[in-house]
Amino acid sequence: MDSLVVANVKQRPTRTAVSIIGVALGVVLVMMFAGLVNGMQNDRKTRESSVGADLMFYRDFSLTTTSLTLPTQYVPKLQEVPGVGLVSPVGQYLKETKTGIGFEILEGIDFPTYSQMSGIHIQQGQPLTEDLDVIVDEVYARQKKVTVGSTVDIFSRKFRIAGIFSPPSGSRIKIKLSSLQQILSSPDRCTMIYLKCAKGESTATVAARINQALPDNKLMPLEDLKQLYEKGIPAFNTFLKVVIGLAVIVSLLVILLAMYTTIMERTREIGILKSMGASKGFIVRVIEQEALLICISGVLLGYAAAFMLKIGIMRFTSLQVELEPRWMLYAALIGIGSGLLGALYPAVRAANQDAVKALSYE
Amino acid sequence: MKTIVQALNVAMTYRVGKIDVPALRGVNLEIQEGEFVSIMGQSGSGKSTLLHILGGLLKPTSGNVVIDGEDLASVTDAQRTDIRRRKIGIVFQRFNLFPTLTAEGNIKLAEYIRHSGSVRDHAEEEKRRRHILKLLKLEDRLHHKPIELSGGEQQRVALARAIINHPAILLADEPTGNLDSENSQIVLDMLTRLNTELGQTVIMITHNAEAAEVGQRLIRMKDGKVLDSRVLRHNFETTEEIVSARK
Ligand SMILES: Nc1ncnc2c1ncn2[C@@H]1O[C@H](COP(=O)(O)OP(=O)(O)OP(=O)(O)O)[C@@H](O)[C@H]1O
Ligand SMILES: [Mg+2]
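Read on for an overview of the structure.

Cut-offs and rules
Residues numbered from 1 in each chain as written. Chains lettered and ligands numbered in written order. Predicted model: local features only at pLDDT ≥ 70, side-chain atom pairs only at ≥ 80, totals over all residues. Heavy atoms only, no water. Helix = DSSP H or I, 4+ residues; strand = E, 2+ residues; numbered from the N terminus. Rg over C-alpha atoms; globule rule 2.2 N^0.38 Å. Buried < 20%, exposed > 50% of the residue type's maximum accessible area, 1.4 Å probe, protein only. Contact = heavy atoms within 4.5 Å. Areas by Shrake-Rupley, 256 points an atom, 1.4 Å probe, with all protein chains shown as cover. Lys, Arg positive; Asp, Glu negative; His and termini not counted. Charge placed at Lys NZ, Arg CZ, Asp CG, Glu CD. Polar contact = N/O pair within 3.5 Å; in protein donor to acceptor, adjacent residues only side chain to side chain. Near = heavy atom within 4 Å. Pairing = 2+ DSSP bridges. Axes fitted to C-alpha atoms, helices over the stretch in contact; angles between N-to-C directions. Parallel < 35°, antiparallel > 145°, perpendicular 65-115°, else oblique. Left-handed = near helix turned anticlockwise from the far one by under 90°. Nonpolar A, V, L, I, M, F, W, Y, C, P; charged D, E, K, R; others polar.

1. Quick word on the overall build of chain A
Logical step 1: A count of helical and extended segments in chain A gives 13 helices and 12 strands.
Logical step 2: Taking 21 Å as the expected radius of gyration for a compact globule of 362 residues, we find that chain A reaches 29 Å, considerably beyond that expectation.
Logical step 3: Expressed as lengths along the three principal axes of its C-alpha atoms, the size of chain A is roughly 90 × 45 × 35 Å.
Logical step 4: For chain A, buried positions account for 52% of its 362 residues.
Logical step 5: Pairs at least 24 apart in sequence give 81% of the contacts found in chain A among residues at least 6 apart.
Logical step 6: Just so you have it, chain A exposes about 16600 Å², and 61% of that area is on carbon and sulfur atoms.

What follows is the structure in structure tokens.
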């Protein structure tokens, strides 16, 4: 039976190839999308948590949109709250990358307090001093092939790379907070204020004091922020479901169509199988095995394509792609499951054919 | 002797749209184990219909068909399929080989289907396969696909495939209908050999009177009924005698 299945699949190389590509397409779709979302979230999560703060004080903040909404006058007020150690205001701006694929976050920082809190240091060059100075982390410098002295276009202004910092923390590219305020015409505003508790103070106690002193604002422990990233961005999760649905439909239809044409073409052969005493179950199995062979090939091709795409994307864009084993498994299950489901109707139809009629089919 | 096929009052009516087409109108038949029976009759007399019923491919409208002790008419479709798998081998005018498989692949597929779900004795299968391939002179044709074989060779592969599992009966619907006289002769000789050397019960439909002579008995059909049944020969001992007697 194995040889019959393999022979059948080989009989129509073009159709088999198209079906395999169809299944692979679904697999790639699911893996790449999940990989991009995971990559982005994990990347942000690790960089966010390396800011070194205990608390984030903010007014209006979401993981996907940023702007300068919080007055910086809170900085001195926060410093007055007992138990608060270091305070550092940060402005965030989401900017499209030059390639137009994806986006990156630009941060405006107050270098002295920020570097003290996060422990970043300038590896090459100098810290931010001039208005048009920018510092980038090593990953950015490596990916974009820039060094100290190179210029970077930000808001169609030529910024000069003053220094390269390490380790990565927060956004990969930072300018002075005052420059960002000026460019965005939001003087004296930032996106959030990072806080570190003084030695020996518990985060919860300090948070309670801040909430009491400065109500109407939000305060989030950085631990919670990490968990927020882990749960994922709701909009992306919904979109991921749509992508999975699409992948299922593509695999299902491709296999349904391929197997349907196959059984129509091979009506007589199904009659022969029946004349040889093959049961309905046997015929369903032959057709499902054929579909399985195509689906497995499609999944493998999909894996190969996804890995190649990942390499390409990470090389040519600033996007991070993480192909998690969990999502590889899901993609395989989606490709194979929907393929087998798609083959079921043709298989059952073939199995129920009248033997004598099938035998006289031209 | 053991009765291997018994048909009692078998009637078959096809329904085409709203019209009933009677194909068999009460066929009675008894065939003994080891017999070689030829069936002749005008086109449309119901020969193929009868063969399909004996092979369990069709369910008769009424009547009983017992093959090797199992009643085909009173069982479910699935059971009929199972009886066919265990007891029946069929060859057709069109050889009906799987074009994508080699001769050997076709034969092994039959073995696979026969033994699906049961324990296989590969050594025993191998022995029988070799014996049959030798008998049908197919040993050096095993790795050829149907398209690379002559019509006669293809029909011999089909014969091998039909009897590889030791069926109680071998049904043949005009097995030489698509062959030239030389190849027809070879296939008829092979059928005779299977009958005499393996004791295979054979029921063969033919339009050719000469071909019909190969059988021990000739059943003639007309208008969906058995017209008569005539014994052609009795006591031939060996294939050689039969073959030479025919010349
Ligand atoms: N599937 C079918 N549907 C309707 N009528 C059928 C069908 N098959 C056969 N018949 C009719 O049943 C009758 C017997 O047909 P059958 O094929 O058994 O004859 P036959 O003796 O095998 O003929 P031939 O020598 O031409 O093969 C014919 O009248 C035929 O038209
Ligand atoms: Mg006929």
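2. Considering the overall build of chain B
Logical step 1: Each helix and strand counted, chain B has eight helices and 10 strands in total.
Logical step 2: Radius of gyration (C-alpha) of chain B: 18 Å, near the 18 Å computed for a compact globule of 247 residues.
Logical step 3: For chain B, the spread of C-alpha atoms along the principal axes amounts to about 50 × 45 × 35 Å.
Logical step 4: A buried classification covers 53% of the 247 residues belonging to chain B.
Logical step 5: Excluding contacts between residues fewer than 6 apart, the proportion of contacts in chain B whose partners are at least 24 apart in sequence is 69%.
Logical step 6: Counting only carbon and sulfur atoms, one obtains 48% of the accessible surface of chain B, whose full area is about 11300 Å².
Logical step 7: In chain B, 34 positive and 32 negative side-chain charges are present, and the distance between their average locations comes to 5 Å.

3. A word on the side chain of Ser166 of chain A
All names here are of chain A.
Logical step 1: By the secondary structure assignment, Ser166 is in strand 8 (residues 157-166).
Logical step 2: Only 3.4 Å separates the side chain of Ser166 from the side chain of Glu138, close enough to count as a polar contact.
Logical step 3: Contact partners of Ser166, with chain neighbours within four places excluded, come to Gly119, Ile120, His121, Gln123 and Glu138.

4. Let's talk about the site of ligand 1
All names here are of chain B.
Logical step 1: If you check the shell around ligand 1, you find 13 residues, and the closest are Ser43, Gly44, Lys47, Ser48 and Thr49.
Logical step 2: A distance of 2.8 Å separates an oxygen atom of ligand 1 from a polar side-chain atom of Ser48.
Logical step 3: The separation between an oxygen atom of ligand 1 and a polar side-chain atom of Thr49 is 2.5 Å.
Logical step 4: Notes on ligand 1: free accessible area 630 Å², of which the protein chains cover 65%.

5. Considering the sheet that holds strand 7 (residues 169-173) of chain B
Residue and element names in this part refer to chain B.
Logical step 1: Read from one edge to the other, the open sheet built from six strands follows the order 6-7-8-3-9-10, with strand pairing classed as mixed. Every interior strand has two partners, whereas the edge strands, strand 6 (88-91) and strand 10 (225-231), have only one. Neighbour to neighbour, the strand axes of the sheet diverge by 20° on average, direction disregarded.
Logical step 2: With six bridges joining them, strand 9 (residues 217-222) and strand 10 adopt antiparallel strand pairing. If you follow Leu218 over to strand 10, its bridge partner there is Arg230.
Logical step 3: Sheet strands in contact with helix 1 (residues 47-54) are strand 3 (36-41), strand 6, strand 7, strand 8 (201-205) and strand 9, and its direction is about 155° off that of strand 7.
Logical step 4: Docked against the sheet, helix 2 (residues 77-87) engages strand 6 and strand 7, running at close to 80° with respect to strand 6.

6. Description of helix 1 of chain B
All names here are of chain B.
Logical step 1: Of all eight residues that make up helix 1, seven are buried, and the element is covered over most of its length.
Logical step 2: Of the residues making up helix 1, those classed as buried are Lys47, Thr49, Leu50, Leu51, His52, Ile53 and Leu54.
Logical step 3: Remark: Gly56 follows helix 1 within two positions and exhibits a positive phi of approximately 75°.

7. Brief notes about the packing of helix 3 (residues 103-115) of chain B against helix 5 (residues 151-163) of chain B
All names here are of chain B.
Logical step 1: Contact geometry of helix 3 with helix 5 gives a least axis separation of 8 Å together with a crossing angle of 20°. In terms of orientation, helix 3 lies roughly parallel with respect to helix 5. The element helix 3 and its partner helix 5 pack so that their crossing is right-handed. Residues Ala103, Asn106, Ile107 and Ala110 of helix 3 form the contact with helix 5, whose participating residues are Val157, Ala160 and Arg161.
Logical step 2: Across the contact of helix 3 with helix 5, the residue classes tally to five nonpolar, one polar and one charged.

Treat this as a map of the structure, not an account of what it does.
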